[in-house]
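# A structural walkthrough
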Amino acid sequence: MEEWLHTKGRIFDIQRYSIHDGNGIRTIVFLKGCVLRCLWCCNPESQKFETETMMVDGKPKVMGRDVTVEDVMEVVEKDRNYYRKSGGGMTLSGGESLCQPEFAAALLRAAKERGIGTAMESMGCAPYETIAQILPWLDTYLMDIKHMDPEKHRKFTGKRNELMLANARKIAESGMTELVIRVPVVPTFNDRPEEIAAIAQFADKLPGVKKIHLLPYHRLGQDKYERLSREYMLKEILPPEPEYMQMLKKTAESVSRLECQIGG
Amino acid sequence: MKKYNSVRVPKTDRITKLVEHLYVKLPEIESARAVLITESYRQTEDEPMVLRRAKAFAHILENLPIIIREGELIVGSSTIAPRGCQTFPEFSYEWLEKEFDTVEHREADPFYISEETKKKLREADAYWKGKTTSELATAYMAPEARKAMEHNVFTPGNYFYNGVGHVTVQYEKVLAIGYEGILNEAEKELARCDFGDADYATKSRFLEAVIISCRAAIGYAQRYAVLARRQAAECRDEKRRGELLVIAENCERVPAKGAQSFYQACQSFWFVQQLLQIESSGHSISPGRFDQYMYPYYSRDIAAGKLTREFAQELIDCIWVKLNDLNKCRDADSAKGFAGYSLFQNLIVGGQDEHGRDVTNDLSFMCIDASMHVFLPQPSLSIRVWNGSPHELLIRAAELTRTGIGLPAYYNDEVIIPSLMSRGLTLEDARTYNIIGCVEPQKAGKTNGWHDAAFFNMCRPLEITFNNGMDCGEQIGPKTGCVEQMQTFEEVYEAYRTQMEYFISLLVNADNAIDQAHAERAPLPFLASMVDDCIRRGKTCEQGGCVYNFTGPQGFGIANVADSLYAVKKLVYDEKKVSMSEYKNALLFNYGKDVKHPLVVAQIAGKVAGELVSQGVRPEAAMVAEAAEQIIAKAVTPEQQKKYQKLLDLIEEVPKFGNDEEEVDLFARDAAYIYTKPLLNYRNPRGGIFQAGLYPVSANVPLGAQTGATPDGRLAGVPVADGVSPTAGKDVNGPTAAANSVSVLDHGIASNGTLFNQKFHPSALSGVSGLDNFVSLIRTYFDQKGSHMQFNVVSKETLLDAQKHPDKYKHLVVRVAGYSALFTTLSKSLQDDIIRRTEQGF
């Protein structure tokens with residue numbers, strides 16, 4: 001059997017019938033471990049690579065399990081017929097998949113070799129050589145660009161953004177994958193029209209990029225912080241109103257030629 | 001060029017007003033029909049039953065009060081009160097008299113009844129003592145079958161107390177040649193009868209009955225024509241006067257003769273639909289392939305420029321309103337099982353013709369739009385899906401689903417067609433199938449399917465297996481041995497199979513007794529005039545006049561039985577973590593929960609009484625109750641409670657049906673065979689076979705209330721699983737996993753239909769991609785040989801209920817703003833966020 005199927009990695013969830021992250025009906029594999037610490041993160045259990053305990057339905061549950069590519073593919077394969085009908089496939093999410101580059105590459109390869117479409121949600125926060133190893137197996141790169149200002153980026157996510165922006169350009173120039181830019185719209189962080197416009201203008205200059213997604217901030221991960229005995233730092237923030245999102249969409253479209261959509 | 005035009009037409013004010021008028025008051029019970037049928041019966045005592053029925057039908061149609069409601073374009077009402085109902089004492093009446101004073105205030109489907117109506121009904125009912133179908137059926141039944149019914153193993157209540165219904169007639173024939181044409185056929189057949197024929201007596205009287213019935217229908221329409229003309233003469237509004245005159249012309253023409261326009265076809269259709277429901281109280285009189293048989297009239301008028309799409313839509317909308325004007329009062333228990341005043345008038349669009357070509361047309365879309373316009377439960381709209389179904393049709397259907405109305409239901413041609421052929425239908429008949437009632441496929445105009453013959457609770461024989469054939473101290477099933485002494489799982493499985501086979505034979509006995517009673521006491525000559533091959537055979541449908549004859553009783557609780565047997569196999573025999581005697585004890589005492597539950601007390605008290613009797617002591621009620629109380633107290637000590645909880649925890653860990661795990665899913669498939677296969681060995685008095693269905697209507701709730709604790713961890717009284725769906729809350733891997741599991745079951749063998757419910761949050765269908773993915777989900781489930789799928793898109797009310805009762809909604813996935821979650825695991829404030837957003841899902 002192909003040896004990459006035995007590659008091991010750490011995940012914290014697999015979610016089937018995901019229909020708003022990439023094309024069609026998708027299965028999302030959530031990889032554990034992240035380089036950033038975004039204050040609004042809706043999957044706080046994804047951040048540390050180490051396993052940790054979270055309360056689920058009132059009972060402690062260990063988040064994070066070590067699996068092989070083969071284990072994951074067994075679940076992903078179950079919905080093969082749904083992918084075929086809907087044009088869907090497998091999406092890697094996290095966390096940041098690039099924290100486990102060999103595992104991510106092996107997962108994507110296994111899917112592609114079986115004729116299953118692939119996508120990855122990622123910030124692109126890794127040396128480009130690491131990313132380059134993954135691109136041959138990746139149909140769609142859903143890349144987060146959260147802010148154009150390096151310092152503000154650091155303040156809200158823990159890291160400056162130069163590497164990620166440079167990677168975005170290189171990925172676009174490689175022409176090996178469909179690159180889609182995604183912006184989590186977080187009030188007080190990046191929800192001013194000029195901030196969104198700056199990202200849209202940057203994305204517009206990336207060769208081959210046609211789409212930008214504005215993802216409105218939501219609080220669905222908030223209670224997980226309590227269940228992990230952590231503090232949620234953005235308690236005062238409310239999700240943006242739909243009308244406001246429409247305004248931002250118009251802003252993005254006015255400064256670029258990109259197709260802009262709200263939500264994934 | 002496209003084969004159809006799918007452009008939407010807006011709803012008119014007329015439709016809004018008609019709908020409002022319909023729901024102003026509580027529906028009312030009226031006495032006219034009961035009084036009239038009784039008058040007629042009193043005068044025909046010495047005549048053959050089929051003639052008595054026809055004469056009674058004619059007497060009713062000559063005298064039933066008629067009304068044209070304000071603004072109606074299609075006329076014909078069975079009651080003066082909107083959504084009112086008539087009664088049918090010839091089937092049963094005692095339950096209604098008993099419920100006279102409670103029917104107005106009961107929770108499920110209340111009806112207003114005036115004191116005067118009560119008085120008239122009492123007078124009429126007095127005649128029927130000893131003359132009803134239900135009394136004759138009881139007399140025909142084996143005492144063992146009645147015993148099993150008393151113990152709630154199954155209930156054939158539907159046809160026991162009511163007419164049969166559950167049929168689709170040859171609407172197209174009435175539209176084409178009218179009742180005069182059918183009457184001519186009957187007259188010709190009558191002329192062919194030879195005095196020396198062996199069946200001369202029955203056939204000639206039957207044909208006379210058909211002729212009387214057809215004339216009665218024609219006369220009824222003439223009464224409406226006269227009324228419309230009279231109202232037109234008095235009408236000051238010029239526009240309405242014009243409408244009334246057209247109504248009069250229509251009723252003068254149809255259903256006596258063939259329809260000359262789409263409008264007349266609509267009116268003719270309506271009289272057929274209404275009058276079938278005056279002849280008998282059977283529900284699920286299903287219009288079937290309305291988009292097909294109406295299309296020739298529509299396309300001819302459109303092509304000739306005589307009809308606009310707008311007016312055609314308004315007429316269809318008017319029919320949809322009328323379908324909700326018909327009503328039926330059921331007994332209190334049945335009302336719970338069929339909750340929602342539903343008459344299950346199933347109307348299906350799309351699908352194939354007899355050659356296997358797709359037949360989607362303009363009307364297919366307009367029917368879906370009509371349901372969107374009237375937004376009422378009737379008709380039970382269905383859609384046929386196959387590989388050649390246009391994507392656009394399914395998207396339009398998905399848009400209706402997204403509203404949360406629960407319509408349409410989706411059916412898979414690729415499973416149903418071969419399944420019907422395996423039951424003897426020709427290829428052409430199978431390809432042109434439609435659905436009756438909830439999910440039951442058949443060929444229109446040729447079938448008496450007896451589709452809703454009974455509800456069989458598969459969990460009860462399992463309880464009885466654990467008690468060696470006993471229930472509440474009575475030996476009602478065979479002695480299959482003490483489960484505590486069974487050394488292998490196979491012995492348990494075989495014991496269950498033996499109990500099932502015994503009770504299935506009793507179910508057949510009960511159904512056939514009822515069947516016979518209908519043949520003798522309620523032959524329906526008007527219905528027979530529109531179903532092949534009654535006229536040629538000289539018999540009504542009830543007497544075996546149809547080409548295809550079936551009896552289709554429903555099994556339910558498959559998921560519970562499968563999960564239960566699988567848990568017993570794993571925990572007791574494979575892993576040896578618990579003994580059979582501990583398991584049995586836990587079930588008896590409801591896992592230590594709510595031990596005062598009447599079901600728990602009844603079992604214990606029954607055992608005590610049984611033991612006293614065997615000791616030769618008379619079981620005094622007080623003594624039994626006290627002893628039972630003591631036994632229960634001993635069984636729920638803290639130490640015992642710990643054991644029960646441990647068992648529940650162990651059960652929780654055992655894989656459950658519905659999660660895309662092959663071993664347990666295959667186990668469920670085999671468990672379903674325990675019900676579906678033995679049934680195929682039985683025949684009914686009409687010369688047809690039994691065929692199983694796997695769907696529960698809403699009876700899984702009340703029948704669950706009669707079922708003690710089951711080995712899957714389900715507590716006494718909790719609803720059992722719904723149709724072929726996984727147990728509520730036990731499928732936790734999402735809709736694709738549940739659909740994969742359900743498709744492992746053999747849907748083909750359950751040729752009377754299967755029902756798979758899925759629940760969604762509206763946002764799962766939001767936007768174009770939401771609809772596309774939803775359609776892909778249906779298509780994939782169908783590729784995997786699922787038969788039926790319907791969707792509850794959750795409402796705000798459901799989410800509020802889920803906050804209060806999280807245990808009932810463990811499986812509820814909500815998806816808002818790019819993230820999915822199990823609703824019940826979210827914090828209160830986030831749940832509130834989602835509830836606020838629910839209504840903006842699309």
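Residues numbered from 1 in each chain as written. Chains lettered and ligands numbered in written order. Predicted model: local features only at pLDDT ≥ 70, side-chain atom pairs only at ≥ 80, totals over all residues. Heavy atoms only, no water.

In the structure shown here, the tally under the stated rule is 66 salt bridges over all chains. In this structure, the salt-bridge partner of Arg160(A) is Glu162(A), at a minimum N-O distance of 2.8 Å. We classify Arg160(A) as partly exposed; its relative accessible area is 40%. Residue Glu185(B) is joined to Lys173(B) by a salt bridge in which the shortest nitrogen-to-oxygen separation is 2.9 Å. (Salt bridge = Lys/Arg side-chain N within 4 Å of Asp/Glu carboxyl O. Buried < 20%, exposed > 50% of the residue type's maximum accessible area, 1.4 Å probe, protein only.)

Residues and elements named next belong to chain A. As for its placement among the helices and strands, His 153 is situated in helix 5 (residues 150–157). Polar side-chain contacts of His 153 include one of 2.8 Å to the backbone oxygen of Lys 159. Look past the residues within four positions of His 153 in its chain and what remains in contact with it is Leu 36, Lys 146, His 147, Gly 158, Lys 159, Arg 160, Asn 161, Met 164 and Phe 189. (Helix = DSSP H or I, 4+ residues; strand = E, 2+ residues; numbered from the N terminus. Polar contact = N/O pair within 3.5 Å; in protein donor to acceptor, adjacent residues only side chain to side chain. Contact = heavy atoms within 4.5 Å.)

The subject of this paragraph is the sheet that holds strand 7 (residues 447–448) of chain B. Residue and element names in this part refer to chain B. Strand order in the open sheet made by the 3 strands is 7-11-13, with parallel pairing throughout. Strand pairing shows two members of the sheet lacking a second neighbour, strand 7 and strand 13 (689–690), which therefore form its edges. Pairing geometry for strand 7 and strand 11 (residues 548–551), over 2 bridges, is parallel. The residue bridging Thr 447 from the neighbouring strand is Tyr 548, located in strand 11. (Pairing = 2+ DSSP bridges.)

The subject of this paragraph is the confidence of the model for chain A. Per-residue confidence for chain A gives a mean pLDDT of 93, with 99% of residues at or over 70. Element-level pLDDT for chain A is lowest in helix 8 (residues 222–227) of chain A, with a mean of 84, against a maximum mean of 97 in helix 7 (residues 193–205) of chain A. (pLDDT = per-residue confidence, 0-100.)

On to the pairing of strand 1 (residues 8–18) of chain A. All names here are of chain A. Summarising burial for strand 1: 9 of the 11 residues are buried, a large majority. Pairing of strand 1 with strand 5 (residues 65–68), which is carried by 4 bridges, proceeds in the antiparallel orientation. When the bridges of strand 5 are listed, Arg 10 appears paired with Asp 66.

Our focus in this paragraph is the environment of Arg257(A). On the secondary structure map, Arg257(A) appears in the loop between helix 9 (242–255) and strand 11 (259–262). In this structure the C-alpha to C-alpha distance between Arg257(A) and Asp204(A), which are 53 residues apart in sequence, comes to 6.6 Å.

Attention now goes to the sheet that holds strand 8 (residues 455–457) of chain B. Residues and elements named next belong to chain B. One open sheet accounts for 3 strands, arranged 1-8-12; its pairing is mixed. Edge strands, defined here as strands with exactly one partner in the open sheet, are strand 1 (154–155) and strand 12 (554–556). Note that strand 8 and strand 12 share 3 bridges and pair parallel. Of the residues in strand 12, the one forming a bridge with Phe 455 is Gln 554.

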